[in-house]
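# Per-entry structural report
Residue strings, one per chain:
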Amino acid sequence: GESVGLHLPTLSVQEGDNSIINCAYSNSASDYFIWYKQESGKGPQFIIDIRSNMDKRQGQRVTVLLNKTVKHLSLQIAATQPGDSAVYFCAESFQGAQKLVFGQGTRLTINP
Amino acid sequence: GAGVSQSPSNKVTEKGKDVELRCDPISGHTALYWYRQSLGQGLEFLIYFQGNSAPDKSGLPSDRFSAERTGGSVSTLTIQRTQQEDSAVYLCASSLDRGANQPQHFGDGTRLSIL
C-alpha cells in the first residue's frame, strides 16, 4: 500500500545552521510531493511542492530535493531561525487521486 | 486575502451526541478536503469534493461520518453518535483545481473532544 514516512521524528539544530528533514515514500506512482509546516494549535502551512518531473525546487530559504530512484524526499532549510521551530510533514499524491497521504511528521527545534 | 475558515475552533461533547463541523474554503477554490489528525499523528484523509462531481468518500471511517458541500462553497462534516475514538482535530483544506496538483491550503481545524 501507499505510505509516507520520516527517518527522524525529532531534529534539533543551532540557530543559523542549515536543517535537512528527510522523508521516504513507497508509492512509485506518486507524482506530486509537498511539504507543510505545522505550529502548535494551527493547521498545516504550505511550504513548497515539487512534481515528479523535477528533482529540485527552491523557494525562499527552502529547497526540496526528490530522488525517485530511491523514493526519497528532503526539505532543506537554510540559516534556520527560531520561527522555523515546528512539526514538518511531507505528503504525496498520485495522478487521479487528489487526496494527500501524509507522513508522521518531524519536530524541528532550533537552539539559540 | 482570507484563508480557510473553520468553526467551531473547539468542541466538547458527550459520547453519543451528534456534532457538525463547518468549513468555509478560500474564495474561488473549487476543491475541498477534510482530514483528521489524531494527537501526535499525521493527517488522515476523510473526503474530497470537486465542483459538481460525486465526492470521494473513500476515507470516511464509518457510516457515522458524512459530509456535504452546498452551493460549491461551504462544507459541513457531521459525525453521528460520537465515540471517544472520534476525538481528534478535524482539518479542512481547499485548492484551486483538480488534476493540476495545486497545493492544498488548510484551516486551523476544529479540536473535537468526546467525553
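Here, the structure is the one placed above.
Residues numbered from 1 in each chain as written. Chains lettered and ligands numbered in written order. Predicted model: local features only at pLDDT ≥ 70, side-chain atom pairs only at ≥ 80, totals over all residues. Heavy atoms only, no water.

Right, let's talk about the pattern of salt bridges for a bit. Residues and elements named next belong to chain B. As enumerated under the stated definition, the model contains five salt bridges over all chains in all. Here D24 and R22 are joined by a salt bridge, their closest N and O atoms 3.0 Å apart. Taking the relative accessible area as the measure of exposure, R22 reaches 37% and is therefore partly exposed. Taking the shortest distance from any N to any O, the salt bridge between D86 and R64 comes out at 2.8 Å. Of this pair, D86 sits in the loop between β7 (75-79) and β8 (88-95) while R64 is found in the loop between β5 (43-50) and β6 (65-69), placing the two residues 22 residues apart along the sequence. R64 shares its class with D86; the two are buried. (Salt bridge = Lys/Arg side-chain N within 4 Å of Asp/Glu carboxyl O. Buried < 20%, exposed > 50% of the residue type's maximum accessible area, 1.4 Å probe, protein only. Helix = DSSP H or I, 4+ residues; strand = E, 2+ residues; numbered from the N terminus.)

Attention now moves to the layout of surface pockets. Counted as a void, the largest pocket has a volume near 610 Å³. A:Q38, A:G41, B:Q37, B:V89 and B:R111 are the residues nearest the centre of the largest pocket, which is lined by 30 residues in total. Of all the elements in the fold, those that place two or more residues in the lining of the largest pocket are β9 (86-94) and β11 (106-111) of chain A together with β8 and β10 (110-114) of chain B. No other element matches the four residues that β10(B) contributes to the lining of the largest pocket. (1 Å grid on protein atoms, 1.4 Å probe; cavity = no way out; pocket = protein on both sides within 12 Å on 5 of 7 lines; lining within 4 Å. Points joined across faces, edges and corners; volume = space filled by probe spheres on them.)

So, about the state of the cysteines. If you walk through the whole model with that rule in mind, you get two disulfides over all chains. Here A:C23 connects covalently by a disulfide to A:C90, the sulfurs 1.8 Å from one another. On the sign convention where negative means left-handed, the S-S torsion of about 55° between A:C23 and A:C90 marks this disulfide as right-handed. Of this pair, A:C23 sits in strand β3 (residues 19-25) while A:C90 sits in strand β9, placing them 67 residues apart in sequence. The same class applies to A:C23 and to A:C90, which are both buried. Note on cysteine connectivity: B:C23 is disulfide-linked to B:C92, with sulfurs 1.9 Å apart. When the S-S torsion is -65°, as for the bridge of B:C23 with B:C92, the disulfide is left-handed. Here the residue B:C23 occupies a position in strand β3 (residues 19-24), and B:C92 occupies one in strand β8, the gap between them amounting to 69 residues. What makes B:C23 buried here is its relative accessible area of 0%. By relative accessible area, B:C92 is classed as buried at 0%. (Disulfide = S-S within 2.5 Å.)

So, about the packing of aromatic side chains. Following the criterion strictly, the structure yields eleven aromatic pairs over all chains and no others. Between A:Y36 and A:F46, the aromatic rings sit 6.5 Å apart at their centres with planes inclined by 75°, giving edge-to-face as the arrangement. Pair noted here: A:Y36 is in strand β4 (residues 30-38) and A:F46 is in strand β5 (residues 45-51), with a separation of ten residues, a long-range link. Overall, the relative accessible area of 0% leaves A:Y36 in the buried class. Exposure remark for A:F46: the relative accessible area of 28% places this residue in the partly exposed category. Between B:Y33 and B:Y48, the ring centres sit 4.9 Å apart and the planes meet at 20°, which makes this aromatic pair stacked. (Phe/Tyr/Trp six-rings, centres within 6.5 Å; stacked < 30°, edge-to-face > 60°.)

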